[in-house]
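What the coordinates show
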Amino acid sequence: MLQKPRGTRDFLPDEMEARRMIEWSMREVARCWGYREVCTPEFEDLELFTMRSGEGIIEEMYVFSDKGGRKLALRPEITASVIRMYINEAKVAPKPLRWCYFADCFRYERPQKGRYRQFWQFGVELIGADTARADAEVIMLAADMLDSSGVTYDLKVGHLSFMKNLLRDLEPQEQRKVMAHLDKKDFDGLKGTLESLDKPDLDKSLIALVECRDLAEAFDIAGTIPEKDRIYQTLETLDAADVKYSLNFGIARGLDYYTGMVFEGFAQNLGAENQILGGGAYRLAHLFGGDDVASCGFAIGFDRVMVSLGEIPDKKDSVVAVVCTNEGRKLALEVARIFRKAGIQSEMDLMDRGLGAQLAHASKSADFAVVIGLREAESGTVTLKNLHSGEQKTLDPRSAVAEVASHGARR
RNA sequence: GCCAGGGUGGGGUAGUUGGUUAUCCUAGAGGACUGUGGAUCCUCCGACCCGGGUUCGAAUCUCGGCCCUGGCCCCA
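All of these numbers come straight from a predicted model, not from anything done at the bench.

1. Considering the protein's contact with RNA strand B
By nearness alone, 40 residues border RNA strand B, and Arg6, Arg52, Arg115, Ser363 and Leu374 come closest of all. Across the atoms of RNA strand B situated within 4 Å of the protein, the share located in sugar and phosphate is 51%. Note that a phosphate oxygen of RNA strand B is positioned 3.2 Å from one of the backbone N or O atoms of Gly7. At a separation of 2.8 Å, a base oxygen of RNA strand B approaches a polar side-chain atom of Arg110. Elements with a minimum of two residues in the surface near RNA strand B: helix 2 (46–53), helix 13 (355–365), helix 14 (374–379) and strand 15 (382–386). The biggest single contributor to the surface near RNA strand B is helix 13, with six residues.

This is how it looks when you write it as structure tokens:
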């Protein structure tokens, strides 16, 4: 039997309903903050992603050539595409731009819990605002969105300027190496690297910074930082909005183009792959031939949120089974149409079953049965049966619709 | 790419000194039952991940691959 490709998933209706529910709660939050949805191609020129992240990522992408010999890649993330789109289509749009997206991405990695080769991200990008309140807005939005999903998480906020200030004398490549050690809390490796760089005295302050959870203390450790006022303002805004976060100056985010504020979210009940959100302030547009516009954004790992949430109790609307005999079929079709026009899910037998068998099936798949046989066909009424209580009554079709509608969501 | 544990009908399972037609539950279809269902009984449907090897004979032993689960690496 054919299997689905490694690292991909099939979603049955129950799971899709749960996913759509969470997706829509996130969409609703984005809408309320003024972030409008954009969509970019599923695949892009390979170059777009290598320009952003280096040649090394080719190994971790789905790369292919099309019939014209173009080197393309399935998108491994969406930020690069959105910024390319901004340069192509929206450079002169009034700033700031507030955009969001919900889309699938592809990475060629070893699957494990919460990590798939096709996965979905819900993200936002705020383009063209370079202020403390822009940074704060994006974090507040991130928190709002995670809250709306119901996931329990820890939010960590940091700023790259502290570490960059301590490492200002090192070459970019050396900085990256040091930051990699810090990100992993590999302090032994850090000391070795610093000694080989002839900066053995840096380790104390670096380690202190990574462990530091207090802003004033961080400034003491890292020294004079030009962004100081902006950092204070950002955090004051977050505090005023009652955002729950902890400070973490060890967040490196692995990428060069992040410029300042960075933040990450972690689900509390997941294993190795527990990061459900990552973002920060960055400058990327100039890489793709645009202006040097400041941006700030984040992406939520939607699948990990779903894994973290686990089983979600469904809130389905009532389902009606219209069951009938041959004599009642004509009226039954009409009644089903009336229910559907009223927005109520209505199903009829397609298996040539008898009345008893139709009801047996309805009892498993519906909340109400509308029974229509010879008697109803002659009088133009329906028999409405509540399949949970067993109660039934004879009504005209419109009253039956009203009765079901008043019943609301099923158990 | 690395480590560990796995893979038997749609779902869940039994099944080693290798041996007849692979067990049971559930789901699905039909019937007992053509105007009132969920119970019960009966019938049907449907599986040893793939390939090589050992053997008279492999779900079982062996090798390789694929896939799943968790972890490592990575994580834009």
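The rest of the description comes next.
2. Considerations on the sheet that holds strand 14 (residues 368–372)
Across the sheet, five strands lie side by side as 13-12-14-15-16; this open sheet has mixed pairing. Across the chains shown, the open sheet's two edge strands, defined by having one partner strand only, are strand 13 (345–348) and strand 16 (392–395). Sheet twist, expressed as the mean angle between neighbouring strand axes with direction ignored, is 25 degrees. Examined bridge by bridge, strand 12 (residues 319–324) and strand 14 share five bridges and lie parallel to one another. Pairing of Val320 across the sheet is with Phe368, part of strand 14. The strands that helix 12 (residues 329–341) touches are strand 12, strand 13, strand 14 and strand 15; relative to strand 13, the one it contacts most, it runs at about 160 degrees. Along the sheet, helix 15 (residues 397–407) makes contact with strand 12, strand 14, strand 15 and strand 16, crossing strand 15 at roughly 15 degrees.

3. Comments concerning the nonpolar core
In terms of nonpolar packing, the biggest core is built from 101 residues, with Met145, Phe162, Leu206, Phe263 and Phe298 touching the most fellow members. Broken down by element, the residue count for this core peaks at ten residues, all from helix 4 (residues 132–149). Built from parts of two domains, this core gets at least three residues from each of domain 1 (1–152 + 268–315) and domain 2 (158–238). Those residues within four positions of Phe298 in sequence are excluded, and the remaining contacts are Tyr101, Phe122, Gly123, Val124, Val138, Leu141, Ala142, Met145, Phe263, Leu277, Gly278 and Gly279. If you look at the next biggest cluster of nonpolar residues, it comprises 20 residues, including Leu331, Ala336, Ile338 and Val370.

4. Description of the packing of aromatic side chains
Taken as a whole and judged by the stated rule, the model has twelve aromatic pairs. Between the aromatic rings of Phe102 and Phe122, the centroid separation amounts to 5.8 Å while the plane-to-plane angle is 45 degrees, which identifies the pairing as tilted. Of this pair, Phe102 sits in strand 5 (residues 97–106) while Phe122 sits in strand 6 (residues 118–127), and the two are 20 residues apart along the sequence. Accessibility expressed as a relative area gives 14% for Phe102, which makes it buried. Taken together, a centroid distance of 5.8 Å and an interplanar angle of 80 degrees make the contact between Tyr257 and Tyr282 edge-to-face. Remark: Tyr282 occurs in strand 10 (residues 275–282) and Tyr257 occurs in the loop between strand 8 (246–247) and strand 9 (258–267); sequence separation between them is 25 residues. In this structure Tyr257 comes out as buried when scored by relative accessible area, which is 7%. Following the ring pairs from residue to residue traces out a cluster consisting of Phe162, Phe219, Tyr232 and Phe249. Between Arg9 and the ring centre of Tyr116, over which it is positioned, the NZ or CZ distance is 3.6 Å.

5. Here's the deal with the pattern of salt bridges
The final tally for this structure, using the stated rule, is 22 salt bridges. For Arg27, the salt bridge goes to Glu37, with nearest N and O atoms at 2.7 Å. Note that Arg27 is positioned in helix 1 (residues 13–32) and Glu37 in strand 1 (residues 36–37), a separation of ten residues in sequence. Exposure remark for Glu37: the relative accessible area of 46% places this residue in the partly exposed category. Close ionic contact of Glu403 with Lys393 constitutes a salt bridge, the shortest N to O distance being 3.5 Å. Residue Glu403 is found in helix 15, and its partner Lys393 is found in strand 16; the two are separated by ten residues along the sequence. Residue classification places Glu403 among the partly exposed positions, given a relative accessible area of 27%.

6. Some thoughts on the packing of helix 7 (residues 187–196) against helix 8 (residues 202–211)
Direction vectors running N to C along helix 7 and helix 8 enclose 145 degrees, while the axes themselves pass 10 Å from each other. The interaxial crossing formed by helix 7 with helix 8 has right-handed handedness. Contacts between helix 7 and helix 8 involve Phe187, Leu190, Lys191 and Leu194 from the former and Leu202, Asp203, Leu206, Ile207 and Glu211 from the latter. Tallied by class, residues from the contact of helix 7 with helix 8 come to six nonpolar, no polar and three charged.

7. Regarding helix 2
Listed in full, the buried residues belonging to helix 2 are Leu46, Leu48, Phe49, Thr50 and Arg52. Residues of helix 2 that are buried make contact with strand 2 (43–45), strand 3 (63–65), strand 4 (71–74) and helix 3 (79–89). Of the residues one or two after helix 2, Gly54 is the one with positive phi, at around 95 degrees.

8. A look at the pairing of strand 11 (residues 295–301)
With seven of its seven residues buried, strand 11 lies for the most part within the structure. Burial along strand 11 is two-sided: the face carrying Ser295, Gly297, Ala299 and Gly301 and the face carrying Cys296, Phe298 and Ile300 are both buried. Sheet topology note: the strand 6/strand 11 ladder contains seven bridges and is antiparallel. Across the sheet, Ile127 pairs through a bridge with Ser295, a residue of strand 11. Bridging between strand 10 and strand 11 involves six bridges; their strand directions are antiparallel. The partner of Leu277 across the bridge, within strand 11, is Ile300.

Analysis parameters
- Sequence order as written defines residue numbering, which begins from 1 separately in each chain.
- Key to labels: chains lettered from A, ligands numbered from 1, both in the order written.
- Confidence filtering applies because this is a predicted model: local features only for residues at pLDDT of at least 70, side-chain atom pairs given and counted only at 80 or more, and all residues used for totals across whole chains, interfaces and linings.
- Values reported for side chains reflect all heavy atoms of the structure, with hydrogen atoms and water molecules removed beforehand.
- The near set for a molecule or strand comprises every residue that places at least one heavy atom within 4 Å of it.
- Polar contacts, as counted here, are pairs of nitrogen or oxygen atoms within 3.5 Å of one another; within protein the pair requires one atom able to donate a hydrogen and one able to accept it, and residues that are adjacent in sequence qualify only if both atoms are side-chain atoms.
- Here a helix means four or more residues in a row that DSSP labels H or I, a strand means two or more in a row labelled E, and each is numbered from the N terminus.
- At least two DSSP bridges between two strands are required for those strands to pair.
- Working convention: axes come from line fits to C-alpha atoms, limited for helices to the stretch in contact. Angles between N-to-C directions cover 0 to 180 degrees.
- The contact rule is simple, with two residues in contact once any of their heavy atoms fall within 4.5 Å.
- As used here, the term nonpolar core means buried Ala, Val, Leu, Ile, Met, Phe, Trp, Tyr and Cys residues forming a set that is joined through side-chain atoms within 4.5 Å.
- Remark: exposure states derive from per-residue accessible area (1.4 Å probe, protein chains only) relative to the maximum for the residue type, with buried under 20%, exposed over 50%, and partly exposed in between.
- Note: domain ranges come from an automatic or database domain assignment.
- Only centres within 6.5 Å qualify two rings of Phe, Tyr or Trp (six-membered ring in Trp) as a pair; their planes then separate them into stacked at under 30 degrees, edge-to-face at over 60, and tilted for everything else.
- Lysine NZ or arginine CZ positioned within 6 Å of the ring centre and within 35 degrees of the ring normal marks a charge as sitting over the ring.
- Each reported salt bridge corresponds to a side-chain nitrogen of Lys or Arg within 4 Å of a carboxyl oxygen of Asp or Glu.
- Whether a crossing is left-handed or right-handed is set by the direction in which the near helix is turned from the far one by less than a right angle, anticlockwise for left-handed and clockwise for right-handed.
- Throughout this entry, Asp, Glu, Lys and Arg are counted as charged residues, while Ala, Val, Leu, Ile, Met, Phe, Trp, Tyr, Cys and Pro are counted as nonpolar. The remaining residues, Gly among them, count as polar.

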